[in-house]
Amino acid sequence: MDVINITNIIVKNNPAPFAAPLQFEIYFICTKPYAGEVEWRMVYLGHSLDKEYDQLLGSVTLGPFEEVGVEMQFDWEVNPPDPAKLPKRSDFLDNGGLVISVHAEGKEITRVGYLVNHSYDDPELNEDQSEIIRLDRVIRDISKPLVNKKTVLQEEFEKAMVIETCLLYTSDAADDLLCVDLGGRRIIKKKK
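Basis of the calculations
- The written sequence of each chain sets the order in which its residues are numbered from 1.
- Local features are withheld for residues below a pLDDT of 70 in this predicted model, meaning they are given only at 70 or higher, and side-chain atom pairs are given and counted only at 80 or more; totals for whole chains, interfaces and linings count all residues.
- With hydrogens and water stripped out, all remaining heavy atoms of the structure feed into the side-chain values.
- Strand pairing is assigned whenever DSSP detects at least two bridges linking the two strands.
- Helix numbering and strand numbering both begin at the N terminus, where a helix is a DSSP run of H or I of at least 4 residues and a strand a DSSP run of E of at least 2.
- Only the contacting stretch of a helix is used when fitting its axis, a line to C-alpha atoms as for every element, and angles between N-to-C directions run 0 to 180 degrees.
- The cut-offs for exposure are 20% and 50% of the maximum accessible area for each residue type, with area from a 1.4 Å probe on protein chains only; residues under the lower value are buried, those over the upper are exposed, and the others partly exposed.
- Counted as positive: Lys and Arg. Counted as negative: Asp and Glu, with His and the chain ends omitted from the count.
- Here, a salt bridge means any Lys or Arg side-chain nitrogen found within 4 Å of an Asp or Glu carboxyl oxygen.
- N or O atoms closer than or at 3.5 Å make up a polar contact, with two conditions inside protein: a donor-capable atom paired with an acceptor-capable one, and, for residues adjacent in sequence, both atoms drawn from side chains.
- It only takes one pair of heavy atoms within 4.5 Å for two residues to be counted as in contact.
- Think of a nonpolar core as a cluster: buried Ala, Val, Leu, Ile, Met, Phe, Trp, Tyr and Cys residues, connected wherever their side-chain atoms sit within 4.5 Å.

Caption draft 1: Focus on the sheet that holds strand β3 (residues 22-30). Read across the sheet, three strands follow the order β1-β3-β6 without closing on themselves; strand pairing throughout is antiparallel. One side of each edge strand has no neighbouring strand; the edge strands of this open sheet are β1 (4-11) and β6 (71-78). Strand-to-strand twist in this sheet, taken as the mean axis angle between neighbours without regard to direction, amounts to 25 degrees. Across seven bridges, β1 lies against β3 in antiparallel orientation. Opposite asparagine 5, over in β3, you have isoleucine 29 as the bridge partner.

Encoded structure:
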């Protein structure tokens, strides 16, 4: 069982100008007493296919936790992504992403992901094909959560997804492939 169970995240200023800070109200429950610290990280994903544009917007460390089953809350405000690290206009004005992850004992235990849509406040600017991004006119719109729980590490998940195929013969009757009970019993067909 995870140490933290996120019960709600409210995006406080949404939609908002791109240059506005990101503001969240986060609610969670500690599921068991925990003497260590839990780190919360917020990462902006500037491009869906290139980690070069990922930016750590902030991190918060909380703990230890003695109260179990009591909903706790904190407000979290971070600066917007660094414009110098944004992808080119055609990729930026598509969807980006935002991930809030929770880490305990060096492992990610929970993750909440959002799509972030960037568009201009004027439809005519959205049609402009220039590669110059006018950040003063960009509106950020954060979607409802897409991913709300991660119970296994990515490596463990990938290992679990490996499916090996094998042929199981449960008896001599399996040779004709017509009279096998997968429960391991031999089925004898009556001859007519």
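Caption draft 2: Molecular detail of the sheet that holds strand β4 (residues 38-45). Spatially, six strands are ordered β2-β9-β8-β7-β4-β5 in an open sheet, and the strand pairing comes out antiparallel. With one partner strand each, in any of the chains shown, β2 (16-17) and β5 (54-62) form the two edges of the open sheet. Two elements, strand β7 (residues 95-104) and strand β8 (residues 107-120), share 10 bridges in a ladder whose sense is antiparallel. Across the sheet, residue leucine 98 finds its bridge partner in β8, namely tyrosine 114.

Caption draft 3: Layout of the side chain of glutamate 25. By the secondary structure assignment, glutamate 25 is in strand β3. In this structure, glutamate 25 is buried with no salt-bridge partner, the nearest side chain bearing the opposite charge being lysine 12 at 4.1 Å. At 2.4 Å, the side chain of glutamate 25 and the side chain of tyrosine 27 are in polar contact. In contact with glutamate 25, not counting residues within four places along its chain, are Asn8, Ile9, Ile10, Lys12, Gln73, Phe74 and Asp75.

Caption draft 4: Fine view of the nonpolar core. Grouped together as the largest cluster of nonpolar side chains are 37 residues, with contacts concentrated most on Ile4, Phe24, Val38, Trp40, Trp76 and Leu98. Among the secondary structure elements, those contributing two or more residues to this core are β1, β3, β4, β5, β6, β7, β8 and β9 (138-142). Apart from residues no more than four positions distant in its own chain, phenylalanine 24 is found in contact with Ile9, Ile10, Val11, Lys12, Met42, Phe74, Asp75, Trp76, Leu98, Ile100 and Ile142.

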